[in-house]
Amino acid sequence: MAEFLETAELEMEETIENFENNLKTIRTGRASAGMLDRVRVDYYGELTPINQMAKISVVEGTQLVIKPYDRTTVKDINHAISAANLGLIPQAEADCIRINVPPLTTERRKQLAKEAKKYADEAKVNLRNIRRNANDKIKKDKEISEDTSKEWLDECQKLTDKFVKKVDTLAAAKEKDLLEG
């Protein structure tokens, strides 16, 4: 197989990984440490993920407890969670932060399902861009015979279809999870 297709496949896998990470940050009404994956805290001038600064645990499926390794960062972590616009209200205590995860309303569930769909659309656009770039490289390579070129273009399309289907499957599962709650 051509190096063009191998490169395209690696880039597509990266796109899927990124899409999965985006889906993890959409809350489903249950508390999960992944909800805070995108939150960064200014720690000595460096934006640091919360999971590198604190132990995050789930209590009874409805509450997150964040215990910073350094007690002096409680205020900073609390502020970062508030500023992240997650719809969560952190409550700072002496050495930890508690976040009660309220059940989602039907309207909020639909809103989050739209957000998941938006991420899916972005992932599909990225996959198509990767396909287009690979196709351009295949077409421009003068050392490839016309038959081989057509074969590789077909393979590239099959690869794209496979990854688009994966995006659709992941998005449908997330939407189902959100709407059934």
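Residues numbered from 1 in each chain as written. Predicted model: local features only at pLDDT ≥ 70, side-chain atom pairs only at ≥ 80, totals over all residues. Heavy atoms only, no water.

## What to know about the pattern of salt bridges
Throughout the structure, instances matching the rule amount to five salt bridges. Salt-bridge contacts for E93 lead to R98; the nearest nitrogen and oxygen are separated by 2.9 Å. Take E93: its relative accessible area is 36%, and that puts it in the partly exposed class. The partner of K158 in a salt bridge is E155, and the shortest N-O contact between them spans 3.9 Å. Residue K158 and its partner E155 are both found in helix α4 (residues 146–180); the two are separated by three residues, about one turn of the helix. The class for K158 is exposed, based on a relative accessible area of 56%. (Salt bridge = Lys/Arg side-chain N within 4 Å of Asp/Glu carboxyl O. Buried < 20%, exposed > 50% of the residue type's maximum accessible area, 1.4 Å probe, protein only. Helix = DSSP H or I, 4+ residues; strand = E, 2+ residues; numbered from the N terminus.)

## Observations regarding the sheet that holds strand β4 (residues 63–68)
What the four strands build is an open sheet, ordered β3-β4-β6-β5; its pairing is antiparallel. The open sheet has two free edges, formed respectively by β3 (54–59) and β5 (90–92), since each of these has just one partner strand. Put simply, the sheet's adjacent strands are angled 20 degrees from each other on average, direction ignored. For β4 and strand β6 (residues 97–100), the ladder comprises four bridges, and the chain directions are antiparallel. Note that in β6 the partner of I66 across the bridge is I97. (Pairing = 2+ DSSP bridges. Axes fitted to C-alpha atoms, helices over the stretch in contact; angles between N-to-C directions.)

Any functional reading would require information beyond the geometric quantities listed.
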